Amino acid sequence: QVFGELKSARETSGDFYDLIPLPNQCLGIVIADVADKGMGAALYMALSRTLIRTYALEYHNRPDFVMRVSNMRILNDTRADQFVTVFYAVLDLRTGKLSYCNAGHNPPILICSKDGCQVTRLTRTGIPLGIYRDQIWDMRSVQISSDDVLVMFTDGIVEAENETREFYGDERLIELVQSQRKNGARAIQQAILNDLETFIGQAPQSDDFTLMVVARNPQADQE
């Protein structure tokens, strides 16, 4: 189960997410955030998304290659003083293996139910795209098993502020996902968004919110 949602703070957004069908029953998963706002960020976002999608289809089992060639093209094709943080992963839908690169993005949170709701953060394996040429990103892998939940997000989620200038924060997000982990990806996603709205109250939305939730369907494992 994979669900994503983006809520823009303005008419245009520098956040994006994408799902890319790949060969051998695999799925490319992207969540990213351009380090700026407005029309310029939206154009930079559109270019980044196109390049990642293009190279994902060419290097369908190598997220590290996708990051490297996308970075080179971004630097060749733009002169903007911008960069983009990216989490890009390839999920094997048959086995639950997730191979990923994290280019300076907020570490996604993996809740492993079989290990007592152990929390694993998929930390950075390289710098954001669009800063330096000839960069290399490490590729890592984790296993998503039955009842496990993976939550990916941009900084607009955890850095959202309420009326007293408190941050929503990672810990509140983790506690909520742990309490909702058996309810399926869509329900978890909605629970997070509802809780975020309650937390913010009347405070203005200062940044884009992008959220993706992946949950391994236990019924599929039983069949």
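Before reading further, recall that the structure is shown in the block above.
Bear in mind that the values here come from a model prediction, so they are computed numbers and not experimental data.

Reading the values: the criteria
- Residues numbered from 1 in each chain as written.
- Predicted model: local features only at pLDDT ≥ 70, side-chain atom pairs only at ≥ 80, totals over all residues.
- Heavy atoms only, no water.
- Helix = DSSP H or I, 4+ residues; strand = E, 2+ residues; numbered from the N terminus.
- Rg over C-alpha atoms; globule rule 2.2 N^0.38 Å.
- Contact = heavy atoms within 4.5 Å.
- Buried < 20%, exposed > 50% of the residue type's maximum accessible area, 1.4 Å probe, protein only.
- Pairing = 2+ DSSP bridges.
- Salt bridge = Lys/Arg side-chain N within 4 Å of Asp/Glu carboxyl O.
- Axes fitted to C-alpha atoms, helices over the stretch in contact; angles between N-to-C directions.

**Q** Where do I start with the overall build of the protein chain in this structure?
**A** Helix and strand content of the protein chain: six helices and 10 strands. Expected size for 223 residues packed as a compact globule is a radius of gyration near 17 Å; at 17 Å, the protein chain falls within 12% of this value. Considering only C-alpha atoms, the protein chain reaches an extent of 45 × 45 × 25 Å along its principal axes. Sequence separation of 24 or more characterises 70% of the internal contacts of the protein chain that already satisfy a separation of 6 or more.

**Q** Would you mind going over the pairing of strand 4 (residues 84-92) with me for this structure?
**A** Each regular strand shows side chains that alternate between the opposite faces of the sheet. Within strand 4, nine of the nine residues are buried, which leaves the element mostly enclosed by the surrounding structure. One ladder, built from nine bridges, connects strand 3 (residues 26-34) with strand 4; its direction is antiparallel. The partner of C26 across the bridge, within strand 4, is D92. Direction of pairing for strand 4 relative to strand 5 (residues 97-103): antiparallel, over a ladder of six bridges. Within strand 5, the position partnered with V86 by the bridge is A103. Counted between consecutive antiparallel strands, the loop separating strand 4 from strand 5 contains four residues, among which G96 sits at a positive phi close to 85°.

**Q** I tried to follow the environment of D148 on my own but got confused; where do I start?
**A** Mapped onto the elements of the fold, D148 is located in the loop between strand 8 (140-143) and strand 9 (149-153). Taking relative accessible area as the criterion, D148 reaches 3% and is therefore assigned buried. D148 sits 30 residues away from Q178 along the chain, and the two C-alpha atoms are 9.9 Å apart.

**Q** Help me understand the pattern of salt bridges in this model?
**A** For side chains of opposite charge, pairing can occur when their charged atoms come near one another. Inspection of the entire model under this criterion finds 10 salt bridges. We note a salt bridge from K182 to D147, for which the minimum N-O separation is 3.5 Å. Pair noted here: K182 is in the loop between helix 4 (170-180) and helix 5 (185-200) and D147 is in the loop between strand 8 and strand 9, with a separation of 35 residues, a long-range link. Residues R172 and D195 are paired through a salt bridge, measuring 2.9 Å at the closest nitrogen-oxygen approach. In this pair, R172 sits in helix 4 while D195 sits in helix 5, placing the two residues 23 residues apart along the sequence. Take R172: its relative accessible area is 32%, and that puts it in the partly exposed class. A single salt-bridge network, built from bridges that share partners, covers D18, R49 and R53.

**Q** Please explain the environment of T95 as it appears in this structure.
**A** Position of T95 relative to the elements: it lies in the loop between strand 4 and strand 5. Judged by relative accessible area, which is 41%, T95 ranks as partly exposed. Each C-alpha atom of the pair T95 and Q143 lies 8.2 Å from the other, and the pair is 48 residues apart in sequence. Those residues in contact with T95 that sit more than four places away from it in its chain are Q143, I144 and R216.

**Q** Please clarify how the sheet that holds strand 1 (residues 2-7) should be interpreted in this entry.
**A** Strand pairing in a sheet relies on backbone hydrogen bonds, with the paired strands running either antiparallel or parallel. Within the open sheet, the five strands sit side by side as 1-10-9-6-7. Their pairing is antiparallel. Only two strands of the sheet have a single neighbouring strand rather than two, namely strand 1 and strand 7 (118-121). Averaged over all pairs of adjacent strands, the angle between strand axes in this sheet comes to 15°, irrespective of strand direction. Here strand 6 (residues 109-112) runs beside strand 9; their pairing, made up of three bridges, is antiparallel. Considered in strand 9, the bridge of I109 is made with V151. Its contacts with the sheet place helix 5 against strand 1, strand 9 and strand 10 (209-215), and it is angled at close to 150° to strand 10.

By themselves, these figures tell us nothing about what the structure is for.
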